[in-house]
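Structural characterization, general
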Amino acid sequence: MGEGNHFNVVGIGVGPSNLSLASLLHAYPEVSNRFVEKRPQFGWHDGQQVPGATLQVSMLKDLVTLSDPTNAFSFLSYLHDHGKLYHFINAQFDAVPRQEFRNYMEWVSRRNQNIVFGQEVLSVDFRDVFEIRTTAGTLTADNVVVGVGNEPWVPPHARDALGDSQFHISEFANRCVDLGGKRVAVIGGGQSGAEAFLDLISRTGAALPRRVSWISRRGNFFPIDDSPFTNDYYMPSFSDYFFSLSRPVRESHTARHILTSDGISGSTLREIYQRAYVHRFVHGATDLFALYPNREVTQVTAANGDGWDLTLAHNDIEDMVEHVEADVIVWATGFRPARMDFLAPIAHRLEREGDEYKVDENFAVVWDGPPDRSIFAQNAARQQRGLADPNLSLTAWRAQRIVDRLRGVRTENQTASFIEWSAKRPAELKTTPGR
Ligand SMILES: Cc1cc2nc3c(=O)[nH]c(=O)nc-3n(C[C@H](O)[C@H](O)[C@H](O)COP(=O)(O)OP(=O)(O)OC[C@H]3O[C@@H](n4cnc5c(N)ncnc54)[C@H](O)[C@@H]3O)c2cc1C
Ligand SMILES: NC(=O)c1ccc[n+]([C@@H]2O[C@H](COP(=O)([O-])OP(=O)(O)OC[C@H]3O[C@@H](n4cnc5c(N)ncnc54)[C@H](OP(=O)(O)O)[C@@H]3O)[C@@H](O)[C@H]2O)c1
């Protein structure tokens, strides 16, 4: 345990990233730690708990299993603890319900006495040790791990009008109610937009909107690429390879392969298409939905009558402007890394790379402080570590790297990809068996 308010490690934010770290550290009481979360209790995109939503990755990509399969905080331990392992198997889920995975993580957070909720970190300063000022007082630490995730993003032109009839998808569960008979526009062609559109056109009776328009800047409603070799991008070995590349090469890779993380699940697309078929051809509801991919919403103004007038620019046809009217607008336009204003007192000492703090191979921010004092950044280095950084795939591995660095050990026994990512020098090629 820490002495008073001093700890070896203080974690800022308790989403999956830092919850994974807290879970792995639990086995090492000699590394005293405290994790501070501003929410009053655990939450995981709760505003987007749309009925039927599922996890987009294997259940083995839980908080601990991929680096410590016998850890007591695994998803299987959770099922076992609740006496539902057999039922889970019998249910034959194609994918874990998102609410169930959220409940698992909440269970983990409740079993770890090192986690505190309802305390926001306001500032981090450094004088021999880190001084972390929170809404509940001040902690000191030898190391800090920032895990504040992503925050909702809407285009700048939309920000002033946000409220009851225009809101970000992260508020969907609370705000997308009583939409029966109304015109709704969903903007954004990622998984969030797809889930919102599907939910809206699946409502029945008086709860069904009059019209649901789905607008996306992407050329079509594209699927996620979840195939075997593509998934090798979501392995530790690729993360390390990506980290070794030059910045322009990394940027190009991310742009070309964005749909491996941000495309829409095939099952969601099938459900949407089938629901659309039934509405249009079985029930004759020809006007219920409208699909507008390949368009950007460039402006929203108050309509002449009620509601909003959306201006759409077509990506392929220059000077082509279209208009869509809606009573309610759901902005499913994505997320951006959360601001870290609390680092302001030491920000000038931290090296940057583009929009991010520059991290080393152990996810420690490069800075001018003592080498035995580190600020780690989880889910804040997508430009340096690749598309897997905000994803759950490498959460347990990344956290283990940090644990190892804190303990001064190297436990990693990385399984190589089938793919030779890096070029080999001629001498190495000759000695490689089978070449
Ligand atoms: C709807 C949705 C579903 C998703 N599903 C999947 C999926 O199935 N598979 C997948 O791989 N990825 C998924 N993702 C991606 C998602 O980014 C990760 O699953 C995950 O949430 C990242 O965890 P994190 O801990 O880094 O960040 P977050 O989950 O954003 O958690 C950060 C935490 O930090 C807290 N915080 C922020 N500032 C402070 C402060 N100053 N003081 C204290 N606390 C603070 C926040 O309140 C928050 O709880 C999904 C994303 C969304 C939006
Ligand atoms: N069930 C799940 O597991 C689940 C659910 C939701 C989200 N997620 C994950 O969370 C992450 C974020 O997903 P997301 O869907 O919220 O965001 P996203 O994938 O970033 O999608 C945002 C979409 O909005 C579009 N857009 C932005 N501004 C626009 C404008 N002015 N007009 C028209 N379109 C505009 C973007 O177009 P461009 O592509 O051209 O920029 C993009 O298509 C993804 O990794 C996703 O897989 C997972």
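The present account deals with the structure reproduced in this document. Everything numeric here is computed off the predicted structure, so don't read it as measured data. (Residues numbered from 1 in each chain as written. Chains lettered and ligands numbered in written order. Predicted model: local features only at pLDDT ≥ 70, side-chain atom pairs only at ≥ 80, totals over all residues. Heavy atoms only, no water.)

**A closer look at the overall build of the protein**
Inclusion rule: Only DSSP runs of H or I covering at least 4 residues are called helices, and only runs of E covering at least 2 are called strands; the numbering of each starts at the N terminus. A radius of gyration in this sense is built from C-alpha atoms; the matching globule rule multiplies 2.2 Å by the number of residues raised to 0.38. Here the term buried applies to any residue with accessible area under 20% of the maximum for its type, exposed to any over 50%, and partly exposed to those in between, with areas from a 1.4 Å probe on protein chains only. Contacts: residue pairs with any heavy atoms within 4.5 Å of one another. The Shrake-Rupley method, run with a 1.4 Å probe sphere, supplies the accessible areas, and residue values consider only the shown protein chains as cover. A residue counts as positive if it is Lys or Arg and as negative if it is Asp or Glu; His and the chain ends are not included. A single reference atom marks each charge: NZ on Lys, CZ on Arg, CG on Asp, CD on Glu.
Tallying secondary structure elements over the protein gives 13 helices and 19 strands in all. Scaling as 2.2 N^0.38, a compact globule of 435 residues should have a C-alpha radius of gyration of about 22 Å, and the protein matches this with 23 Å. Counting across all 435 residues of the protein, residues that qualify as buried make up 49%. The long-range fraction of contacts in the protein, counting pairs at least 24 apart against all pairs at least 6 apart in sequence, stands at 71%. Here the protein displays about 21500 Å² of accessible surface, and carbon together with sulfur accounts for 51% of that area. Treating the 44 positive side-chain charges of the protein as one cloud and the 53 negative ones as another, the clouds have centres 2 Å apart.

**Observations concerning the site of ligand 1**
Condition: Being near a molecule or strand, for a residue, means having at least one of its heavy atoms within 4 Å of it. Under the rule applied, a polar contact is a pair of N or O atoms within 3.5 Å (in protein, one hydrogen donor and one hydrogen acceptor; residues adjacent in sequence only if both atoms are side-chain atoms). Asp, Glu, Lys and Arg are counted as charged, while Ala, Val, Leu, Ile, Met, Phe, Trp, Tyr, Cys and Pro are counted as nonpolar; the rest, among them Gly, fall into the polar class.
Near ligand 1 there are 30 residues, and of these Ser17, Glu37, Gln56, Asn379 and Leu392 occur at the shortest range. Residue histidine 45 places a side-chain N or O atom 3.1 Å away from an oxygen atom belonging to ligand 1. Within the backbone of valine 121, one N or O atom sits 3.0 Å away from a nitrogen atom of ligand 1. For ligand 1, whose free accessible area comes to 1000 Å², the fraction covered by protein is 90%. Residue composition of the shell around ligand 1, grouped by class: 13 nonpolar, 12 polar and five charged.

**Some remarks on the pattern of salt bridges**
Stated precisely, the cut-off is as follows: The salt bridge definition used is simple: a Lys or Arg side-chain nitrogen within 4 Å of an Asp or Glu carboxyl oxygen.
Throughout the structure, instances matching the rule amount to 30 salt bridges. A salt bridge links aspartate 240 to arginine 385, with the nearest nitrogen and oxygen atoms 2.7 Å apart. Separated by 145 residues along the polypeptide, aspartate 240 in helix α7 (residues 236-243) and arginine 385 in helix α11 (residues 382-385) bring together distant segments of the chain. Between glutamate 353 and arginine 250 there is a salt bridge, with the nearest N and O atoms lying 3.0 Å from each other. Separated by 103 residues along the polypeptide, glutamate 353 in strand β17 (residues 352-353) and arginine 250 in helix α8 (residues 247-256) bring together distant segments of the chain. As far as burial versus exposure is concerned, glutamate 353 and arginine 250 are alike and both buried. Each of the salt bridges in this network shares a partner with another, and the network as a whole consists of Asp46, Arg102, Glu106 and Arg110.

**Some details on empty space enclosed by the protein**
Convention followed: Definitions used throughout: a 1 Å grid over protein atoms alone; a cavity as a set of points that fits a 1.4 Å probe which cannot get out; a pocket as an open set with protein on both sides within 12 Å along at least five of seven lines; a lining residue as one with an atom within 4 Å of a point. Grid points are joined across faces, edges and corners, and a volume is the space filled by probe spheres set on the points.
Under the defined criterion, the tally for this structure stands at two cavities of 30 Å³ or more. Quantified by volume, the largest cavity comes out at close to 50 Å³. Across the lining of the largest cavity, the residue classes break down as six nonpolar, two polar and one charged. Computed from the structure, the second largest cavity encloses a volume of approximately 30 Å³. Along the walls of the second largest cavity sit Val146, Met340, Leu343, Leu350, Tyr357, Val365, Ile375, Phe376 and Ala377, which together make up its complete lining.

**Concerning the site of ligand 2**
Taken together, 22 residues lie around ligand 2, and Arg98, Ser192, Glu195, Arg217 and Asp262 are the ones closest in. Within the backbone of glycine 189, a nitrogen or oxygen atom sits 3.3 Å from an oxygen atom of ligand 2. In this structure, an oxygen atom belonging to ligand 2 sits 3.5 Å away from a main-chain N or O atom of alanine 332. Across the complex, the protein chains shield 80% of the 930 Å² of accessible surface that ligand 2 would expose by itself. Of all the elements in the fold, those that place two or more residues in the shell around ligand 2 are α6 (191-201), α9 (259-262) and β12 (295-302).

It is worth stressing that arrangement in space is one thing and function is another; only the former is reported here.
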